[in-house]
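Structural features, examined
Here is what each chain is made of, one letter per residue.
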Amino acid sequence: MAPPNPPFEYDVFLGYRGEDTRNTFTDHLYDALVNNGVHTFLADEELMMGKSILMGIWSAIEKSRMAIIVLSSDYASSRWCLDELAKILECRKERGMIVLPIFYNVDRSDVQHQRGSFAQAFYMHEERYKEDIEIVQRWRDAMREVANLFGFCVDRPEAKFIRIIVKELQLNEMLKCSTASPRNFQRAPSFLSSSSPESQWEYDVYLSFRGGDTRQGFTDHLYEALSDKGIRTFMEDELRTGWIPTELSEIEKSRMAVIIFSTNYASSTWCLQELAKIVECMKVRGLKVLPVFYHVSPSDVRNQRCSFAEAFREYEEFYKENTEKVQTWREALRQVTDLSGFVVGDRPEAKFIRSIVGEIASECSDTLSSVDGDKPVGMDSRLQEMKLHLDLASNDVRFVGICGMSGIGKTTLARAVYLQILHQFDAIRFLENVREVSKTYGLAALQEQLLYNMTLKSEEDQWDVYEGIHAIRNRVCRKKVLIVLDDVDDEIQLQMLAGNHDWFGPGSRIIITTTDRYLLARHGVQDVCMAKQLNDSDALQLFSLKAFGKPTCEKNFLELSKHFVSYAKGHPLTLKILGHSLCGKRIEEWQVKLDKLRTEIVDRNSQDPVRINFDGLWDTEKKLLLDIACFFNGEDKDRVINVLTDSGCLPDIGIEVLKDKSLITIIGRKLWMHDSLQKVGWEIVWNESPMEPGRRSRLWLCKDVLRVLQNNEGTDAVESIMLNQPPQKENLNADSFLNMKRLRLLKICNVGLPQGLNYLSNELLEMEWHEYPLKSLPRNFQPRKMVELVMPRSCIKQLPEGFSDLYRLKLLDLRDCQNLFKTPDFSGFPNLERLIFRGCIRLLSIDPSIEALNRLTLLDLKDCKCLNSFPPEINLESLESLILSGCTVLKKFPDIGQNMTRLSKLYLDGTAIEELPLSFKHLSGLTLLDVRDCKKFSSFPSVICSLTSLNTLTLSGFKCRPPKSWRSLGLSLILSSICVTATFPQVILFSILVFLILPYTHVRIPICATLALWTYCFMTSKSPELEPINFLLPRSFARLSSLLSLDLSGCNLLDGALPNDLGRLSSLQSLNLSRNSFTRLPDSISQLLKLKFLYLDNCSRLRSLPNLPLSTQLVMARECASLKNYSNRDIVWTSSEGFSFY
C-alpha cells in the first residue's frame, strides 16, 4: 500500500534574497534548522546562474513539506525570488504546503500593498516586462497572499528569534502535518503563539456562560456530557463579587472555548471580560471558539438589541470615562457571533447537546493524552491511514486490523486512534494484551472485562465462555461500540470476543492488532493497516526523547545518536530501549555500547520482545526464515524461490506465511527482515553449537567462517557459508570443503588457494565466488542441483566438461573473467535465463549451442573486445535484452529468427558491425535500439524504419563508411565537400582515355601528360585515406509512430538531412540534435505535438531557433556561436519562463 503522504525529500525549503540576508540572518537560521535535525534546502541565488538550476529549484520546492520565506527590503527586486514565491504559493494551493513568512526589517503592510522598496521594484518590473504584464501581476498577487499569512516579524535580537522559530517547529511537530489543510495553519496557527504547545494544555474546553441563566440546567448537562466523553472541561461559576484576572489564565490553558449566550449574558461584566479574553486568544494563538445561542437570536447578540441593548446602555453610562472598554465588548460580541455555532431553540436540549459534544469531540480529538502521556512520535500519517480504513462516516459494522512485527507500534497506533474517535460511540473498550491475559486467566475473564469496562456487566454476573458469547451479543447488538483487541494471536480469541458483524450495533468499529495477517484473513478482516517503521527524522526524535528527555539531541551526541538510529532501522521499541539504556550515560559509554551492538550476535536488550515471533512456525518455515536471516536478507523474492525450491523448505508458500506473520516484509520484490528479528535468527543458529562453529547449520561471521575453513573443522551440519569481504586476503587449503557434504549455499570472496581445491559439494544450489583464484574447478564437481553460478573477476579459463547436465541452472555470471576464452556447451543448461560474459576480453566466440536456450531472457556480452564470431542465426524466443556494446571487432550481426518477438532492448553501440540483416525486421517487439558510435555502416540501415514498436533510438556519433566498390575506383564522396582520389595506374588509364577522345593535334600528348600529372598530384595531396561519410537519414520516419526519444547528436547533419515528415513522429517527446552542422531546422518540428525536450547544444552553424509546439518544456541551446542575437551566451528555454541567458 502506498503511503498516504507524498515522499518528501526536504522538511523545509528556505527562500530569501541573497544580497540581503545570505551571510547573516538566513545563514544562522539554516544552521539552526540543520543542527536540530530539520532537513532544509537552501536556495542559493549565486548558483542560479548555472545551466539547469531552475529545474532543480522547482523540484526542491515540490519535494519540501514546508517553505520559509525571508522577506527583506530588496526581496522583490529579484525575479528569481518572485518566481520562487509564486511556485511556493502554487504548491500551497494544490497540496496544502505550509508557508511561513518572516518579515525581516520590513513592514507587513509594505509587502501587502507593495510600498517603499517593494513599490520601486515593481515599477522596474513593469517597465522591463511591458509585453508580459501578466507575470508582474502574478508576482503582485503572490506578495499580497503571503503577506496575509501568519508569520514572524523580526523585531528582537536575531539569535533569540531564531531559537524561538526552531523550538516552535519542533514542539508542535508542524513538519509532520503534511496532509492537513493549509487553512488550519495559516488562519491562526497555534505554533506561533507565545502560550504553551498543545501537549501542555490543561483543558480541552473552556465553558463561558451566565450562571443565573443556565448553570443549573443546560450548562450543567453540557458539562456532564463533555466529561462523560473524556473531554477535559473547565467550568467556573460566576458566584463572585468582581472580576478576578488570574482566573482568566484558564482560557489560555484551553484548546477551545464554548460560549453560551443567554438572555442575561451581557448583564455580567465578568462574562464580557471573559469574552474579550477569549477573542484575544482567538486572534493571537488560534483558540477555537464555538458560540451557542441559548434562546436568544444571533442577530440580537451581534447588534446588541433587546436585553443586550439594555445592558450596554447601562455600561455606557457607567463607563463614561472608559468608553474603549465598552467598545471592546461590543466588538467582541460582533466577532464571535460571526462564527459558526449552534442555536438552541424550542427543540429538546439533549439532541442539541449531543450535536455540540460531537462537534467539540471532533475539534479536540487530536489533543487527547496518549499512552505515555505525550503525543506519540510520527503518528500523524499513520492516523490518517487508519481513518481511511475506519471510514467513520459509514454506518456499517467494520473490523479493521493493524498488523506488523512486534515492537513496531501497533498498540501505540491503536491507542492513538482510539482516543481520537472514542467520543463518537455509545460504549468503548480497549482490551490490552489479549494473548497474555487469555493464557493466564482464560477467555471468560476477557469477556467479563470487555463488558464490565463498557458498564454493560455487573459484578454479580458469572459465566463460561459460551455464556459470555451470548452476553456480549445481547448487550451490544443495539449499541454503537468501539472495541480494540490488542495483541491477538489465536483465532479462538476473536471468535469468543468479536465473533462477527451481527454482534454489534450499526456504526461499530472493532480494531484488532496482531503480528499474523493470515489470522485476520481467516476471520474475514479485509481492512488491514500495516504498521510501518519510523522515518529517520521521527526515529531520531523518539530516541532523543528517551535518551535526553526532549525531542532534540545534544549536539555533542548527535553523530552517535544517528548511528544508534541507523542501527534500530525505524523500530520504535528498539529505539526506546536503546534510548533508555543510554539516558544519563557519558559519551564514552555510548561509544562502548555502539561497538558492542555492532559485534554481538544478538542485542540482549531487544531479544525477548521479538523472539515470540518465531513461536508456532513449522520446521520448513523455520528453515526458510533462518536462510533469509543468514543469507537472503535484501534479496529478490523470485530469486530466493528459484534457489531454494529443491531445498525442502517450500519457499513460495513459506515466504507468504512469514510475511503474514510480520516476520519479513516485501518491498519492491525484495525480502527484508528487520535487524532485531535477524539477530534473533542468528542467535538460534549460534545456539546450535556455541563452542564449535563447524557444527552449526549456517556460518556468516568472518571469524567463524575462516576458523572452519582454515582448520578443516567443517561437518555435515554446515548448509550455508557466507564470507563477505574479509579484512585481508586469506588463504585456504585444498580440503577446506571436504567434510561439508550437505553444503547448499556458498558466498565467498577475497581468498587464495595456493594448494588448489580438491572438493566442492555437489549439493550446492548457489555458488557466488568472487575472484576465484584458480584456472579450473575441481574435476569431480558436478552440481546438478545448481541454480545460480556467479564467479565474477575469476581466473577460470573455461567451465569443466562435467558441467553438461545442469538442468536447474538459471543464472551463469562470469563477468570480467579475463582468462575465459571459450564458452561451454549450452545444451546441458536448458533452463538458463540469464547469461553474462561482460568484460571477458579474451572471449573469441559464442558456442552455437546457445540456440538451445529457449528460456534465456538476458545475454550480456558488453566489452568482449575480442569477440569476432557469433552464431550465424539466433532465434531465442524468450530473449528480452541483448547487449553487445563495446564489442569492437564484431563485424557481422547474425540473422534474426521469426521467434525473436520478445527482444525489447538491443545495444550495439561501439561495435564494428557493418550492416543489419533484412531479418532484423522480425524484432517486432524491440523498444530500444542503441547504435551510437557505430562507424562501419556503409549507409543508414533502413530496416530500422520497420520497427514500429521502437520507443528509443540512439544514433549519436553514427557514421557511414564508403562501400568497397568505391574503393576500387579510388572514389570517396564526402557530403560536406566533394573530392576525387585515384591511384597512379588509374591516372594512366584515365590519361589514355583522354588521349583517345581528344582530336588529333600536336598538342594532344603534352595536354594528356600534364593533365595526368596534375590530377595525380592534386588528388594524392587532397585525400590520401578513405574517411567516414556523413550518413543520409531515410526520407521518411512515418512508421516510427511509437518513438518517444530520438538521439541524432554528433552526426554532423547538414541542412536538409532531416526528413521532411519528421512531424509524423506523433509520440516523440525528446529530440537530441546537438553537435550537428545545419544552419536551420525544418518547419515540421512544430508538428511534433508531444515534444517536451529539444537539445541543440554545440550546433555552431545554427542561425535561428525553430517554431516550437506548445508541448515543449525545455530547449537547451548552449555554445551555439552563430545563433542570431545570442552569440557568446548559453540559452535555456522552459515553457513557463521563456528564454533565459547565462
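What comes next concerns the included structure.

About the cut-offs
Residues numbered from 1 in each chain as written. Predicted model: local features only at pLDDT ≥ 70, side-chain atom pairs only at ≥ 80, totals over all residues. Heavy atoms only, no water. Helix = DSSP H or I, 4+ residues; strand = E, 2+ residues; numbered from the N terminus. Buried < 20%, exposed > 50% of the residue type's maximum accessible area, 1.4 Å probe, protein only. Contact = heavy atoms within 4.5 Å. Areas by Shrake-Rupley, 256 points an atom, 1.4 Å probe, with all protein chains shown as cover. Pairing = 2+ DSSP bridges. Axes fitted to C-alpha atoms, helices over the stretch in contact; angles between N-to-C directions. Salt bridge = Lys/Arg side-chain N within 4 Å of Asp/Glu carboxyl O. Parallel < 35°, antiparallel > 145°, perpendicular 65-115°, else oblique. Nonpolar A, V, L, I, M, F, W, Y, C, P; charged D, E, K, R; others polar. Expected span 1.5 Å × (residues − 1). Polar contact = N/O pair within 3.5 Å; in protein donor to acceptor, adjacent residues only side chain to side chain. Disulfide = S-S within 2.5 Å. Right-handed = clockwise from strand over helix to strand, strands pointing away. Left-handed = near helix turned anticlockwise from the far one by under 90°. Core = buried A, V, L, I, M, F, W, Y, C linked by side-chain atoms within 4.5 Å. Phe/Tyr/Trp six-rings, centres within 6.5 Å; stacked < 30°, edge-to-face > 60°. Lys NZ or Arg CZ within 6 Å of the ring centre and 35° of its normal.

This paragraph deals with the overall build of the protein chain. When helices and strands are counted, the protein chain shows 37 helices and 41 strands. Considering the protein chain as a whole, with its 1142 residues, one finds that 53% of them fall into the buried category. Put simply, 59% of the contacts in the protein chain that link residues at least 6 apart link residues at least 24 apart. For the protein chain, the computed accessible surface area is about 52300 Å², with 49% contributed by carbon and sulfur atoms.

Here we come to the sheet that holds strand β7 (residues 233-235). Taken in spatial order, the 5 strands of this open sheet run β7-β6-β8-β9-β10, and their pairing is parallel. The sheet is open, and its two edges are formed by β7 and β10 (342-344), each paired on a single side. With strand direction ignored, the average angle separating the axes of adjacent strands in the sheet is 20 degrees.

Below, the discussion takes up the pattern of salt bridges. All told, the structure shown has 57 salt bridges when counted by the stated rule. As a salt-bridge pair, Glu656 and Lys659 come within 3.3 Å of each other at their nearest N and O atoms. Linking Glu656 with Lys659, this pair stays in helix α32 (residues 651-660), spanning 3 residues, or about one helical turn. In this structure Glu656 comes out as partly exposed when scored by relative accessible area, which is 28%.

What follows deals with the environment of Thr412. Mapped onto the elements of the fold, Thr412 is located in helix α19 (residues 410-421). Expressed as a C-alpha distance, the spacing of Thr412 and Pro572, which sit 160 residues apart in the sequence, is 9.9 Å. Every residue in contact with Thr412, bar those within four places of it in the chain, is listed here: Pro376, Met379 and Lys576.

It is the contact of helix α15 (residues 307-318) with helix α16 (residues 323-337), at a shortest axis distance of 10 Å, that shows an interaxial angle of 160 degrees. Taken together, α15 and α16 sit at an angle that is classed as roughly antiparallel. On the side of α15, the interface is formed by Phe308, Phe312, Tyr315 and Glu316, while α16 contributes Val326, Trp329, Arg330 and Leu333. For the contact of α15 with α16, the residue count by class is 6 nonpolar, no polar and 2 charged.

On to unusual backbone geometry, then. Even without glycine at this site, Gln725 takes up a positive phi of about 45 degrees. Here Gln725 shows up in the loop between β19 (720-723) and β20 (730-731). A positive phi angle, near 55 degrees, is found at Asp933, a position not held by glycine. Secondary-structure assignment places Asp933 in the loop between β32 (928-930) and β33 (952-954). Residue classification places Asp933 among the partly exposed positions, given a relative accessible area of 40%.

Taking 1.5 Å per residue as the helical rise, helix α4 (residues 79-95) with its 17 residues ought to reach 24 Å, and the 24 Å between its terminal C-alpha atoms agrees with that figure. Every buried residue of α4 is accounted for by Cys81, Leu82, Asp83, Glu84, Leu85, Ala86, Lys87, Ile88, Leu89, Cys91 and Arg92. Regarding α4, its N-cap is Ser78, as a side-chain oxygen of that residue lies 3.3 Å from the backbone nitrogen of Trp80 further along. The first or second residue beyond α4 is Gly96, which carries a positive phi of 75 degrees.

Once that is clear, we can look at the state of the cysteines. Throughout the structure, instances matching the rule amount to 0 disulfides. Counting only cysteine sulfurs, Cys817 is the nearest neighbor of Cys795, a cysteine outside any disulfide, at a range of 8.4 Å. In this structure Cys795 comes out as partly exposed when scored by relative accessible area, which is 29%.

The next thing to look at is the pairing of strand β13 (residues 481-485). Of all 5 residues in β13, 5 are buried; the element is thus mostly enclosed. Alignment of β13 against strand β14 (residues 509-514), held across 4 bridges, turns out to be parallel. Across the sheet, residue Ile483 finds its bridge partner in β14, namely Ile510. Read as a crossover between parallel neighbours, the route from β13 over helix α23 (residues 491-497) to β14 is right-handed.

Here we take up the packing of helix α13 (residues 269-285) against α16. Two numbers describe how α13 lies on α16: the axes approach to 9 Å, and their chain directions differ by 65 degrees. Where α13 crosses over α16, the two elements pack in a sense that is left-handed. Between α13, through Thr269, Leu272, Gln273, Leu275, Ala276, Val279, Met282 and Lys283, and α16, the contact on the second element is made entirely by Lys325, Thr328, Trp329, Ala332, Leu333, Gln335 and Val336.

A rise of 1.5 Å per residue sets the reference length of α13, with its 17 residues, at 24 Å; its end C-alpha atoms lie 24 Å apart and thus fit the reference within 8%. Counting buried residues in α13 gives 13 out of 17 residues, a clear majority hidden from the surface. Between the side-chain oxygen at the start of α13 and the backbone nitrogen of Trp270 there is a gap of 3.3 Å, and the oxygen is on Ser268.

Sheet faces and side chains relate simply in a regular strand, where the side chains alternate between the two faces. Where burial is concerned, most of strand β1 (residues 10-15) is hidden: 6 out of the 6 residues are buried. Bridge analysis of β1 against strand β3 (residues 64-71) gives 5 bridges, and the strand direction is parallel. Bridging across to β3, Val12 finds its partner in Met66.

Further remarks concern the environment of Ala444. With respect to the element layout, Ala444 can be found in helix α21 (residues 443-452). Spatially, the C-alpha atom of Ala444 lies 8.8 Å from that of Glu467, the residues being 23 residues apart in sequence.

Core analysis: the biggest nonpolar cluster contains 113 residues, and Phe737, Met767, Trp769, Phe837 and Leu929 have the highest contact counts within it. Of all the elements in the fold, those that place two or more residues in this core are α34 (702-710), β19, β21 (745-749), β23 (766-770) and β39 (1114-1117). Formed by 51 residues, the second largest nonpolar core is a distinct cluster that contains Leu419, Cys529, Ala531 and Leu625.

In space, the 5 strands of this open sheet follow the order β12-β13-β14-β11-β15, with parallel pairing throughout. With partners counted over all chains shown, the strands left at the sheet margins are β12 (427-431) and β15 (527-530), one partner each. Between one strand axis and the next, the sheet turns by 15 degrees as a mean value, whatever way the strands run.

So, on to the packing of aromatic side chains. Using the criterion set out here, one finds 29 aromatic pairs in the structure. Geometrically, the ring pair formed by Phe548 and Trp590 is stacked, given 5.5 Å between the ring centres and 25 degrees between the ring planes. Here Phe548 is found in helix α25 (residues 536-548), whereas its partner Trp590 is found in helix α28 (residues 587-599), with 42 residues between them in sequence. Owing to a relative accessible area of 1%, Trp590 belongs among the buried residues under this scheme. Pairing Phe826 with Phe829 gives two aromatic rings, centres 6.3 Å apart and planes at 75 degrees, and the pair type is edge-to-face. When sorted by exposure, Phe826 lands in the same class as Phe829, which is buried. One aromatic cluster is present, formed by Phe312, Tyr315, Phe318, Tyr319 and Trp329 through successive ring pairs. The ring of Phe425 has Lys480 sitting right over it, with the charged end atom 5.2 Å from the ring centre.

With that out of the way, let us pick up the environment of Arg313. As for its placement among the helices and strands, Arg313 is situated in helix α15. Considered as a pair, Arg313 and Val326 are 13 residues apart in the sequence and their alpha carbons are 9.9 Å apart.

Here we take up the side chain of Arg696. Mapped onto the elements, Arg696 comes out in the loop between α33 (675-686) and β18 (698-699). A polar side-chain atom of Arg696 sits 2.9 Å from the main-chain carbonyl oxygen of Ser689. Only 3.0 Å separates the side chain of Arg696 from the backbone oxygen of Pro690, close enough to count as a polar contact. If near-sequence neighbours (up to four positions away) are discounted, Arg696 is found in contact with Val685, Trp686, Glu688, Ser689, Pro690, Asp704, Ala717 and Val718.

On their own, these measurements won't tell you what the molecule is for.
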